[in-house]
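Summary of structural features
Spelled out from the first residue to the last, the chains are:
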Amino acid sequence: MANNENISSKRVAVRQRIMPYIIRALVWVGMVVLWWVILAFTVDMPAEYKLRHSTDELRQQYEIMSERYDSLSGVLENVVRRDENVFRKLFESNPYDLSADLDKERLELYEQIVGQSNDNLSEILAERMERASKLEGDIEEAHEDLRYAISSNAISIDCVPAIQPVNNRQLTLLAAGKKPLINPFHRTMREHHGVDYLVPEGTAVFATADGVVKSLSEKNTSHGKAVTISHGNGYETSYSHLLDIRVKKGQKVKRGDIIALSGNSGLSFAPHLHYEVIYNDTRVDPVHYFFLELTPEEYQRIIRIALSSMQSFD
């Protein structure tokens, strides 16, 4: 019994001696943790400092870019408004939206399809496939006829006007098509027999097919300085309102040869080239004769551009 009491008293004594050290250790640990927390919230470590300031730089760059974007948006809106005003003054109409027709067609097609049953859609698809197959056959037959005509020398493809008379790869220079347009001098609707290219004076003008220079006009007529080329097979082309003529009457030319420089001579509203294609003494639409340099998509685009014109330049 006495031994048990001695053991218990020794344990209590040991606890009493150890407890202050434990308390001091806990206090020191608490102080270290508190100090670390304070440092963590008040002082950035090197990696944190770098990350924080890199974010600040990105934020500043974003703000600068946002201000620049707003500024450019304002400038662009002003340019668009001025362009619309110029278009209205020149052509007395609102600017033409080239995508409006396609959007309208898509909407109409969607409205037709959305209410159809599967059976009706299958019938429509079969009908369109049949039409496409027939069209494919017609095109193949036309190609065979053309191949035979070329091989038998009935026609020469080099003598068919098949390129644009000026460098217009971006399709931005065509300003007026072949159709009734407002005449800039008489302010009335008149038939426009060719296409107008809005190009600066001195722009190179190319022969659009092989041929012979049929006539030249150096007089100050309504067409100004002009060149007419006979290509044979019933084809002729004419180039009007020129600045300088680089060929002579009777001279043979090849497709792509520079025959003149564009100008503003004659009865011309602004510097431009007036280009016509004549087949069997009938003026035809030149736009349909650019097939050597236009893809189907570019052909559709230039057709829409020609249809959107409201005023000629001669």
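The structure this text deals with has already been given above.
Okay, so let's go over this structure.

The rules behind each value
Residues numbered from 1 in each chain as written. Predicted model: local features only at pLDDT ≥ 70, side-chain atom pairs only at ≥ 80, totals over all residues. Heavy atoms only, no water. Core = buried A, V, L, I, M, F, W, Y, C linked by side-chain atoms within 4.5 Å. Buried < 20%, exposed > 50% of the residue type's maximum accessible area, 1.4 Å probe, protein only. Helix = DSSP H or I, 4+ residues; strand = E, 2+ residues; numbered from the N terminus. Contact = heavy atoms within 4.5 Å. Expected span 1.5 Å × (residues − 1). Pairing = 2+ DSSP bridges.

**Describing the nonpolar core**
L174, Y197, V227, Y239, L242, I259 and L273 are the most contacted members of the largest nonpolar core, which totals 31 residues. Elements with a minimum of two residues in this core: β4 (195-197), β7 (225-232), β8 (235-245), β10 (258-262), β11 (273-279) and α5 (296-308). Here the element with the most residues in this core is β8; it accounts for four residues. In this structure, Y197 is in contact with Q164, P165, V166, N168, L173, L174, H272, L273 and F290, ignoring residues within four places of it in sequence.

**Side note on α5**
Residues that lie three or four places apart on an α-helix share one face, since the helix turns once every 3.6 residues. Here α5 contains 13 residues, and its C-alpha end-to-end distance of 19 Å stays within 8% of the 18 Å for a straight helix at 1.5 Å per residue. For α5, the complete set of buried residues consists of E298, I302, R304, I305, A306 and S308.

**As for the pairing of β7**
On a regular strand, each side chain points to the face opposite its neighbour's, so the side chains alternate between the two faces of the sheet. Pairing analysis gives five bridges linking strand β6 (residues 211-217) to β7, with the strands arranged antiparallel. Bridged to L216 within β7 is V227. In this structure, β7 lies alongside β8, joined through six bridges in antiparallel fashion. In the sheet register, K225 faces β8, and the bridge partner there is L242. The antiparallel hairpin formed by β7 and β8 contains two residues in its connecting segment, where N233 sits at a positive phi of about 55°.

**Some remarks on unusual backbone geometry**
In this structure, N233 is a non-glycine residue whose phi angle is positive, near 55°. Residue placement: N233 occurs in the loop between β7 and β8. A positive phi angle, near 65°, is found at H241, a position not held by glycine. Here H241 shows up in strand β8. The exposure class assigned to H241 is buried, which follows from its relative accessible area of 1%.

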